[in-house]
Amino acid sequence: MVSKHLSDAGYEIIRSFDEFKDLLQDSNLTFCHFAAPSCKQSARIVDHLAKLAEDFDHRIRFVFINTQRLTEIAEYCEVSGSPFFQLYCGSQLLDETDEYEDEEVRRVMLKHTL
């Protein structure tokens, strides 16, 4: 299961829209991974995402949002696929991508942490 593996890797699992709104009040960088539990692409890249969380620990907060269960968050964030990734600083969206290649996701993160 993707969320269990990511949770073990240091990702926070978002469980409600209120929890997500609270997250956006934080001024730190936050990487949001949006996916349905059945997303085969997320299952294939889960080890890469866990490594990202380890590599960027203390610089970026990592969260997982189950788009199948939390559809209101997916709609609010205009998520257009699964998986989908967004990087926030507080409530400001800095970048987003639906690319699931490790290099692309790292590029998004490095762009905002250097």
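Scroll up a little and you will see the structure.
The text that follows walks through the structure, step by step, so that each part is easy to find. (Residues numbered from 1 in each chain as written. Predicted model: local features only at pLDDT ≥ 70, side-chain atom pairs only at ≥ 80, totals over all residues. Heavy atoms only, no water.)

## Structural notes on the overall build of the protein
Part 1: Broken down by element type, the protein carries 5 helices and 5 strands.
Part 2: Counting helices and strands in the order they occur from the N terminus, the protein gives α-β-α-β-α-β-α-β-β-α.
Part 3: The 114 residues of the protein split such that 46% are buried.
Part 4: The long-range share in the protein, meaning contacts at least 24 apart out of those at least 6 apart in sequence, stands at 75%.
Part 5: With the model as given, the accessible surface of the protein reaches about 6,200 Å², and the carbon-plus-sulfur share is 46%.
Part 6: Averaging the positions of the 12 positive and the 21 negative side-chain charges in the protein gives two centres separated by 3 Å. (Helix = DSSP H or I, 4+ residues; strand = E, 2+ residues; numbered from the N terminus. Buried < 20%, exposed > 50% of the residue type's maximum accessible area, 1.4 Å probe, protein only. Contact = heavy atoms within 4.5 Å. Areas by Shrake-Rupley, 256 points an atom, 1.4 Å probe, with all protein chains shown as cover. Lys, Arg positive; Asp, Glu negative; His and termini not counted. Charge placed at Lys NZ, Arg CZ, Asp CG, Glu CD.)

## Overview of the pattern of salt bridges
Part 1: Under the defined criterion, the tally for this structure stands at 7 salt bridges.
Part 2: In this structure, Glu54 and Lys51 form a salt bridge, with 3.8 Å as the shortest nitrogen-oxygen distance. Of this pair, Glu54 and Lys51 both sit in helix α3 (residues 40-55), 3 residues apart, roughly one helical turn.
Part 3: Among the residues examined, Glu54 registers a relative accessible area of 56% and is labelled exposed.
Part 4: Here Lys111 makes a salt bridge to Asp95, at a shortest N to O gap of 3.2 Å. Of this pair, Lys111 sits in helix α5 (residues 102-113) while Asp95 sits in strand β5 (residues 92-97), and the two are 16 residues apart along the sequence.
Part 5: On the basis of relative accessible area, Lys111 is assigned to the exposed category, the value being 52%. (Salt bridge = Lys/Arg side-chain N within 4 Å of Asp/Glu carboxyl O.)

## What about the pairing of β5?
Part 1: Relative to β5, strand β4 (residues 84-89) runs antiparallel, the two being bridged by 5 bridges. In the strand pairing of β5, Phe85 is matched with Thr97. (Pairing = 2+ DSSP bridges.)

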